[in-house]
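Chain and residue survey
Residues per chain are reported as follows:
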Amino acid sequence: MRELYESGCAANGLSGNPLPSVTDFSVQEFKVRVYDPRTVGGPTPAVLFFHGGGWVMGSLSTHDGLCRRLASLTNLPVVAVDYRLAPEHPYPAAIDDSRAAARWLFGAGAEHGLEVTEAVLVGDSAGGQLAAVLVNENASTANPVPIAAQVLIYPMVDLTMSSPSYDRVTAGFPLVADTIAWFADHYLPEGIDRTAPDVSPALNEPPSGLPPTYVITVDNDPLVDEGADYAAALAKTGTEVQYQHLTGYAHGLFTSAGRIPRGEETIDRVAAFIRDSTI
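For the structure given in this document, a descriptive report is provided here. The structure presented is a predicted model; accordingly, all values stated were derived computationally and were not measured. (Residues numbered from 1 in each chain as written. Predicted model: local features only at pLDDT ≥ 70, side-chain atom pairs only at ≥ 80, totals over all residues. Heavy atoms only, no water.)

Bringing the pairing of strand β6 (residues 147–153) into the picture now. Where a strand is regular, its side chains alternate between the two sheet faces. Burial runs high along β6: seven of the seven residues are buried. Relative to β6, strand β5 (residues 115–124) runs parallel, the two sharing six bridges. Its bridge partner being in β6, Asp124 is matched across the sheet by Ile153. A crossover links β5 with its parallel partner β6, the connecting element being helix α5 (residues 126–140), and its sense is right-handed. Two elements, β6 and strand β7 (residues 213–220), share four bridges in a ladder whose sense is parallel. Residue pairing for β7: Gln150 is matched across the bridge by Thr213. (Buried < 20%, exposed > 50% of the residue type's maximum accessible area, 1.4 Å probe, protein only. Helix = DSSP H or I, 4+ residues; strand = E, 2+ residues; numbered from the N terminus. Pairing = 2+ DSSP bridges. Right-handed = clockwise from strand over helix to strand, strands pointing away.)

The subject of this paragraph is the side chain of Gln150. With respect to the helices and strands, Gln150 occurs in strand β6. Of note is the side chain of Gln150, whose polar atom sits 3.0 Å from the side chain of Thr213. Filtering out sequence-adjacent residues up to four positions away, Gln150 remains in contact with Val120, Leu121, Ala131, Ala132, Val135, Pro211, Pro212, Thr213, Tyr214, Leu234 and Phe273. (Polar contact = N/O pair within 3.5 Å; in protein donor to acceptor, adjacent residues only side chain to side chain. Contact = heavy atoms within 4.5 Å.)

Right, let's get into unusual backbone geometry. Keep in mind that most residues, glycine aside, have a negative phi and that most peptide bonds are trans. Cis geometry is found at the peptide bond from Ala86 to Pro87, where omega equals 5 degrees. The step from Tyr91 to Pro92 runs through a cis peptide bond, and the omega angle for that step is 10 degrees. Along the polypeptide, Pro92 turns up in the loop between β4 (78–82) and α3 (93–107). Residues other than glycine seldom take positive phi values, yet Trp55 does so here, at roughly 65 degrees. Looking at where Trp55 falls in the secondary structure, it is placed in the loop between β3 (43–50) and α2 (64–74). Non-glycine residue Met161 carries a positive phi angle of around 55 degrees. Turning to its location among the elements, Met161 is positioned in the loop between β6 and α6 (165–168). The exposure class assigned to Met161 is partly exposed, which follows from its relative accessible area of 21%.

With that settled, consider the packing of aromatic side chains. Counting across every chain of the model gives six aromatic pairs. Between Phe25 and Trp104, the ring centres sit 5.4 Å apart and the planes meet at 55 degrees, which makes this aromatic pair tilted. With a gap of 79 residues between them, Phe25 in strand β1 (residues 21–27) and Trp104 in helix α3 connect regions that are remote in the sequence. The same class applies to Phe25 and to Trp104, which are both buried. Considering the side-chain rings of Trp55 and Tyr187, the 4.5 Å spacing of their centres and the 10 degrees angle between planes classify their relative orientation as stacked. Highlighted residues: Trp55 in the loop between β3 and α2 and Tyr187 in helix α7 (residues 177–187), separated in sequence by 132 residues. Judged by its relative accessible area of 1%, Tyr187 is buried. In this structure an aromatic cluster arises from ring pairing among Trp55, Tyr91 and Tyr187. (Phe/Tyr/Trp six-rings, centres within 6.5 Å; stacked < 30°, edge-to-face > 60°.)

In structure tokens, the structure reads:
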């Protein structure tokens, strides 16, 4: 599965924009990659990026073109998190690593060389779940770090898999209901509460004070209903929400943006949202 995902992203993803600086770092038991498009340093917002792949596959390489494009379009450093994968490292490894990456971004300036003033958290699919969990936890803590916005790209935010779109999208697309069940069973050890806030953020009341949020869904996707419902739930709490639903497309649009123009166009819109959120 991992080999197929790597080869598919390489064949269909965006080509990598050349950047002045791309550097890998080790943080605890995982790696991060810092894409810095700037030629002059100084205080800056940053993008903290979490890749998709069902917590089982995906890597720095599968989303390299996407991260390079976001860095180039926003002129902001993008920090991609190569969190540990299940089943070798089941829950809570991915979210623990994501939390550690956020702490590292804000607290290890002497190591990575960035003067980070605020962050925008971005994730696709399982990465969208990680981003959403971190943003919710940050809003609920006594000493939050400055998170300017979040971008949730067809996020996987309800691991009970109870929304109606799971019954509708069962065959004929790259990601179907059974695939998500396979991912969830590999990620979550037996006995884990699938309604917990750091597993299914959509099943928990969103905290107040969340930053502006951009949610994207595609219609041929078992995750479409939970993404739409989550966007609505955030709006009901007073969060500023932009919701974009793309018809005629399937899960994986962003890692196929080198072949599908609508994916590339939507990445431009994500970059514009990030720029607007960090002015």
